[in-house]
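Structural features, examined
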Amino acid sequence: MKTGFALSLWLSASLTMLACGCASPGAVTSDAQTPSVPQGRLPEGVRPLRYALELTIIPEQERFSGVAEISLELDAPTDGFWLHGQNLRVSQLYIDTGAARVPGTWEQRTDDGLVRLTFPETIPAGKATLKVAYEAEFNQELRGLYRVEVGENAYAFTQFEATSARSAFPSFDEPRFKTTFDVALTVPKTAVAAANTPAARSVGLPGELRRVQYLTTPPLPTYLLAWAVGPFDVVEAEPLPANEVREQTIPFRGLAVRGQGQKLQYALEHTAAFVAALEAYFGIPYPYRKLDIVAVPDFAAGAMENVG
């Protein structure tokens, strides 16, 4: 079994990945003339402030669904703007300005997920909320939100670095945009569902499902989000003890596919020492509320350090 991504050594939260691009970003303007497709970064003038994501992830199925609410700030009035979304089948789209709810049109312009949103009236400058309901197939290339079958069991994992979050939810999928995320996952009642932050609550739903709401994340780029859903072996480890750099203990555990939990023992025994050594070297305490390590059976990146 290939070992997978260790959900979080916090150093990657401070890395800045430069999106490829050489076109100079333009201002947000009215679509009196059709805007050209950006060749690098998204144009300036619209930025995300917060995401609220609700996804239904049932690994036994071929598709997942979601609703994304993105709080935005617009620098100037506009009747359209760019963001990312790859192979998403959108069923509802509108922007709420506080004074009006304006339906929009979703048009994917490029194969790599560049999307143009247009509206039948001008959206004023200021804050607004974009809401998009959609569904998509699980990715087949071990990136984005993808599914893996191990024996009779199915699992869902994410790998969003560098630009694959856009295939799981509509987003401004560039590392320069760092916002908080409020995530809720609807999953099979018997499944374990791990995310970047601890679960705040879990509520049973009809159809042998449950909805897990997670604590708000710190400001993150989209590529550091991570989810894992399935019938995992969960091996609880001793919390990471407080030390000279960090005052609080950190909940710590390992997740492996069913029947493979015993193979986590080495990692669980040595992680605390690694974290303490890094904290001492940099003089920076581990900043997140918990630490999960997840052994992923199929993972093209080899390993990935996501928040939490």
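Residues numbered from 1 in each chain as written. Predicted model: local features only at pLDDT ≥ 70, side-chain atom pairs only at ≥ 80, totals over all residues. Heavy atoms only, no water.

**Examining the packing of aromatic side chains**
One pass over the structure, following the stated rule, counts 15 aromatic pairs. When the ring of Phe169 is compared with that of Trp227, the centres are 6.2 Å apart and the planes differ by 45 degrees; the resulting orientation is tilted. With Phe169 in the loop between β11 (153-159) and β12 (180-188) and Trp227 in the loop between β15 (209-214) and β16 (228-230), the pair connects residues that are 58 residues apart, well separated along the chain. In this structure, Phe169 and Trp227 share a single accessibility class: buried. An aromatic cluster of three or more residues is present, and its members are Tyr51, Phe160, Phe169, Phe181 and Trp227. (Phe/Tyr/Trp six-rings, centres within 6.5 Å; stacked < 30°, edge-to-face > 60°. Helix = DSSP H or I, 4+ residues; strand = E, 2+ residues; numbered from the N terminus. Buried < 20%, exposed > 50% of the residue type's maximum accessible area, 1.4 Å probe, protein only.)

**Examining the environment of Gly66**
Positionally, Gly66 belongs in strand β3 (residues 63-74). Accessibility expressed as a relative area gives 7% for Gly66, which makes it buried. A sequence separation of 103 residues divides Gly66 from Phe169, and the C-alpha atoms of the two residues are 7.3 Å apart. In this view, Gly66 contacts Glu54, Leu55, Val132, Ala133 and Tyr134; residues no more than four positions away in its chain are not counted. (Contact = heavy atoms within 4.5 Å.)

**Focus on the sheet that holds strand β6 (residues 101-103)**
Strands sit in the order β6-β5-β9-β3-β2-β12-β15-β14 across an open sheet of eight strands; the sheet is mixed. Strand pairing shows two members of the sheet lacking a second neighbour, β6 and β14 (199-205), which therefore form its edges. With direction set aside, neighbouring strand axes in the sheet form an average angle of 20 degrees. (Pairing = 2+ DSSP bridges. Axes fitted to C-alpha atoms, helices over the stretch in contact; angles between N-to-C directions.)

**As for the confidence of the model for the protein chain**
When pLDDT is averaged across the protein chain, the result is 90; 89% of the residues are at 70 or more. Every residue in residues 1-32 is under pLDDT 50, and counting partners more than four places away or in other chains gives 100 contacts. (pLDDT = per-residue confidence, 0-100.)

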